[in-house]
Amino acid sequence: MRFLIVGAGATGGYFGGRLLEARCDVTFLVRPARAERLAATGLAITSRAGDVTLPAPPTVLATELRTYFDVVILSCKAYDLDSVIDSIAPAVGPNTTIIPILNGMRHLDALDARFGPERVLGGSCFISARLDDTGRIAHLSDIHRIVFGERPRGRSARADAIAAAMSGAKLDAVASDQIILEMWEKWTFLATLAGMTCLTRASVGDIVTAGGVDLALAFLEECRSVAAAAGYAPRADSLQAGIARLTDPQSAVTASMLGDVERRGKTEADHILGDLLQRRGGSVTGDRSLLRLAYTAVKAAEARVARESEAKNS
């Protein structure tokens, strides 16, 4: 089974690297600068599950794609999806399966429109990892889970076959029979984490220490209610796991969106917070919801960066 991993950053690099370590047929679709670095230094992972350095991992540029792959795993940021769709088109054949592990849900519509829903599985990943200044991937927890499945509920032979192909790697690959629910569960938690850490510019532990547990739980409930209204109420165990993570006074966790804000870069605010707010519906007149407040805060930070950039270049 031939895998094309789109991106070799913290997420794609980790999962693709673990598959490559297990001798799976893996190629990374990367930009020229990343291809040059990987050729020179290899793909390095530090992790409690075991460190590994993979010399000169197979890479390809978008302009070089000529053949179809069996599985294409998308690990890009949601705001890069449009360009990624164009890049991967030459790699998607009649029997290709696309597994997006992006945040939120709206990416499914774009992928369906371009490649057809029959080629697109639902997907999600659970990992805390970052790319350091040297290009090394640091895996920061014990969790490294990738989940995928047919969007109509139920198992399929192709999802099981993909999970089997990944089974020898140092990661948890799960073929799910209710992947949309799992995507909503992650979205509910992630929106809360991103919203709270961006609003406060602080970690979970700092928020707890400051007495903000009630606000975090109110934010989680607001997001949960949107999921429930859509027909995907998070299960009790998922909610309890989220509550435990959001109320841990020792947690140094922040959402990657906060890092994007602090670096004055692009964010996934529209995909994680804005789309959830839009799905909630209703008038925003006089609306003081935490979800709306967090979305406004991040979009205001983006607007400030754009204004200052425009002034600098004028």
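Small disclaimer: the values here were computed from a predicted structure and weren't measured. (Residues numbered from 1 in each chain as written. Predicted model: local features only at pLDDT ≥ 70, side-chain atom pairs only at ≥ 80, totals over all residues. Heavy atoms only, no water.)

Looking at the overall build of the protein
A count of helices and strands for the protein gives 12 helices and 10 strands. In terms of overall dimensions, the protein is globule-like: its C-alpha atoms have a radius of gyration of 20 Å, near the 20 Å expected for 314 residues. For the protein, the share of sequence-separated contacts (at least 6 apart) that also reach a separation of at least 24 residues comes to 70%. When the accessible surface of the protein is totalled, it reaches about 14,700 Å², and 51% of it is carbon and sulfur. Positive and negative side-chain charges of the protein, numbering 36 and 36 respectively, have mean locations separated by a distance of 2 Å. (Helix = DSSP H or I, 4+ residues; strand = E, 2+ residues; numbered from the N terminus. Rg over C-alpha atoms; globule rule 2.2 N^0.38 Å. Contact = heavy atoms within 4.5 Å. Areas by Shrake-Rupley, 256 points an atom, 1.4 Å probe, with all protein chains shown as cover. Lys, Arg positive; Asp, Glu negative; His and termini not counted. Charge placed at Lys NZ, Arg CZ, Asp CG, Glu CD.)

Observations regarding the side chain of Thr27
Here Thr27 lies in strand β2 (residues 25-29). Excluding residues that lie within four positions of it along the chain, Thr27 makes contacts with Phe3, Leu4, Ile5, Pro58, Thr59, Val60 and Phe69.

Some words on the packing of aromatic side chains
Counted by the stated rule, this structure contains three aromatic pairs. Measuring from ring centre to ring centre gives 5.8 Å for Tyr14 and Phe15, while their planes differ by 85 degrees; the resulting arrangement is edge-to-face. By relative accessible area, which is 0% here, Tyr14 ends up buried. Owing to a relative accessible area of 5%, Phe15 belongs among the buried residues under this scheme. Pairing Trp184 with Trp187 gives two aromatic rings, centres 4.8 Å apart and planes at 40 degrees, and the pair type is tilted. In this pair, Trp184 and Trp187 are both assigned in helix α6 (residues 179-200), three residues apart and thus about one turn of the helix distant. An aromatic cluster is built from Trp184, Trp187 and Tyr232, whose rings are joined through pairwise contacts. Positioned above the aromatic ring of Phe69 is the side chain of Arg2, whose terminal nitrogen or guanidinium carbon lies 4.1 Å from the ring centre. Lys186 extends its terminal NZ or CZ atom over the ring of Phe126, reaching a point 5.6 Å from the ring centre. (Phe/Tyr/Trp six-rings, centres within 6.5 Å; stacked < 30°, edge-to-face > 60°. Buried < 20%, exposed > 50% of the residue type's maximum accessible area, 1.4 Å probe, protein only. Lys NZ or Arg CZ within 6 Å of the ring centre and 35° of its normal.)

Quick word on the pairing of strand β1 (residues 2-6)
Taking burial as the measure, the five residues of β1 include four buried ones, the bulk of the element. Bridge count between β1 and β2: five bridges; the pairing is parallel. Each bridged residue has a counterpart across the sheet, and for Val6 the counterpart in β2 is Leu29. Between β1 and its parallel partner β2, the chain crosses via helix α1 (residues 10-21), and the hand of that crossover is right-handed. Note: β1 against strand β6 (residues 71-74), four bridges, orientation parallel. (Pairing = 2+ DSSP bridges. Right-handed = clockwise from strand over helix to strand, strands pointing away.)

Remarks on the packing of α6 against helix α11 (residues 269-280)
The angle between the axes and the distance between the axes are what describe a pair of packed helices. At a minimum axis separation of 9 Å, α6 and α11 run at an interaxial angle of 115 degrees. In terms of axis orientation, α6 runs roughly perpendicular to α11. For the pair α6 and α11, the crossing hand works out as left-handed. Each of Trp184, Trp187, Leu190, Ala191 and Gly195 in α6 lies in contact with α11, whose residues at this interface are His271, Ile272, Leu273, Asp275, Leu276 and Arg279. Residue composition of the contact of α6 with α11, by class: seven nonpolar, two polar and two charged. (Axes fitted to C-alpha atoms, helices over the stretch in contact; angles between N-to-C directions. Parallel < 35°, antiparallel > 145°, perpendicular 65-115°, else oblique. Left-handed = near helix turned anticlockwise from the far one by under 90°. Nonpolar A, V, L, I, M, F, W, Y, C, P; charged D, E, K, R; others polar.)

Some details on the sheet that holds β1
Spatially, five strands are ordered β5-β2-β1-β6-β7 in an open sheet, and the strand pairing comes out parallel. In this open sheet, the two edge strands, each paired with only one partner strand, are β5 (59-60) and β7 (97-100). Pairing of β2 with β5 involves two bridges; the strand directions are parallel. Counterpart to Leu29 in the pairing with β5 is Val60. Helix α3 (residues 81-88) rests against β1, β2 and β6 of the sheet, and its axis sits at about 160 degrees to β6.

Topic: helix α8 (residues 213-229)
Compared with an ideal rise of 1.5 Å per residue, which puts 17 residues at 24 Å, α8 spans 24 Å between its outermost C-alpha atoms and is within 8% of the ideal. When we look at burial in α8, the residues that qualify are Ala216, Phe219, Leu220, Glu222, Cys223, Val226 and Ala227. Down the axis of α8, the smallest arc covering the buried residues is 155 degrees, so these residues share one side. Exposed side of α8, more than 90 degrees from the buried face: Asp214 and Ala229 are the residues found there. Against the buried residues of α8 lie α6, α9 (236-246), α11 and α12 (290-313). With its phi angle positive at about 95 degrees, Gly231 sits one or two positions after the end of α8. (Expected span 1.5 Å × (residues − 1). Arc of directions from axis to C-beta.)

What to know about the nonpolar core
By size, the foremost hydrophobic cluster in this structure holds 61 residues, and its most contacted members are Leu74 and Ile88. At 12 residues, α6 tops the list of elements feeding residues into this core. Among all residues touching Ile88, those that are not within four sequence positions of it are Val6, Leu29, Leu65, Val72, Leu74 and Phe115. Judged by nonpolar contacts, the second largest core, of 33 residues, contains Phe3, Leu54, Ile99 and Ala169. (Core = buried A, V, L, I, M, F, W, Y, C linked by side-chain atoms within 4.5 Å.)

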